[in-house]
Amino acid sequence: MAQGGSSGRQMAAIAVGQTLINTYRVERVLGQGPFGAVYMARHVRTGGLRAIKVIPKSVAAGEPYKKFLADARIVATLRHPHIVPFVDYDRDESGRAFLVMDLLEGESLQQRLKRGNLPIGPSLELLREVGSALHAAHLAGVLHRGLKLENIFLVHHDLLDRITEHAMVTDFGLGRLRKLLSPEGAQASMSPYLAPEAVHEKGQLDSRADQWSLAAVAYRLLGGSPPPVEVRAERLHELAPEASPQVVQAVVRALSRSKDERFDTVLEFIRALASGE
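Since the model is a prediction, treat every value here as computed from it, not as a measurement.

Draft legend 1. A look at unusual backbone geometry. Phi is positive for R79, which is not a glycine, with a value near 50°. Of note, the phi angle at D171 is positive, near 65°, even though the residue is not glycine. Secondary-structure assignment places D171 in the loop between β9 (163-169) and α4 (183-189).

Below, the structure is given as structure tokens:
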């Protein structure tokens, strides 16, 4: 499910054909991200396909990793229609940590937008779905900490007479591990969708950091690019004339540099977007 490319040397942590803990047989490399390589694997007993994310040894240690695993266990209990939980985690015989997710049919939002922007209606529906996932996690005490186009996955469903899709959010809590990455990995993990307080690590993060990230995704969907440092309603309206004033104002408010000027919750932000449809 991860996107991107890298050299074979960087992604050779696990060999294709290797079976992890006598359960997951690795079939091919899916990609490379700042937190490690991602593989497609098959469960040797059920035959089900899984995505395996390998975590560097330098990251899979200490208190941040323990807190991440605690988050992952909580998210796995939510069974939310728009959340992709980690269904398993372990270490292989060499001590390498890995995370297991269901392998989904579809593409990331990043891949989808390479073919062109979405219309306003599907964009607002996607934001509602992602927002509902974030809100459910927030109610359970878990922050995403790194929402971006790459970890919003559009799952395709073949209903015989038509193909439908809906959004699912991956990688909940991995942002906890950002500070443990190498300087190169930490830089790669940064994105224009991170809230200012997450980038500068100022103060304790709360749900309003995820709200900012969701609003940054909204700005990209409506305006065609990530938000600038100074967000102005007039400019967003020029870029997205089909968006109502209520939608534009909601996005601009959620992108406030000061978290105290944003909505109190993601749910309030999503309701403000819906009021402008």
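Draft legend 2. Structural detail: the sheet that holds strand β7 (residues 106-108). The antiparallel open sheet is built from three strands, whose spatial order is β7-β8-β9. Two strands close off the open sheet at either side, each with one partner strand: β7 and β9. Strand-to-strand twist in this sheet, taken as the mean axis angle between neighbours without regard to direction, amounts to 25°. As paired strands, β7 and strand β8 (residues 152-158) are joined by three bridges and run antiparallel to one another. From the neighbouring strand, G106 faces β8, where its bridge partner is V155. Where helix α3 (residues 120-139) meets the sheet, it contacts β8 and β9, and its direction lies at approximately 35° from that of β9.

Draft legend 3. The arrangement of the side chain of Q211 in detail. Mapped onto the elements of the fold, Q211 is located in helix α6 (residues 207-223). With a relative accessible area of 0%, Q211 lands in the buried category. Separated by 2.8 Å, the side chain of Q211 and the backbone oxygen of F263 make a polar contact. Residues contacting Q211, with those up to four places away along its chain left out, are A254, R262, F263, D264, T265, V266 and F269.

What counts as what
Residues numbered from 1 in each chain as written. Predicted model: local features only at pLDDT ≥ 70, side-chain atom pairs only at ≥ 80, totals over all residues. Heavy atoms only, no water. Helix = DSSP H or I, 4+ residues; strand = E, 2+ residues; numbered from the N terminus. Pairing = 2+ DSSP bridges. Axes fitted to C-alpha atoms, helices over the stretch in contact; angles between N-to-C directions. Contact = heavy atoms within 4.5 Å. Buried < 20%, exposed > 50% of the residue type's maximum accessible area, 1.4 Å probe, protein only. Polar contact = N/O pair within 3.5 Å; in protein donor to acceptor, adjacent residues only side chain to side chain.

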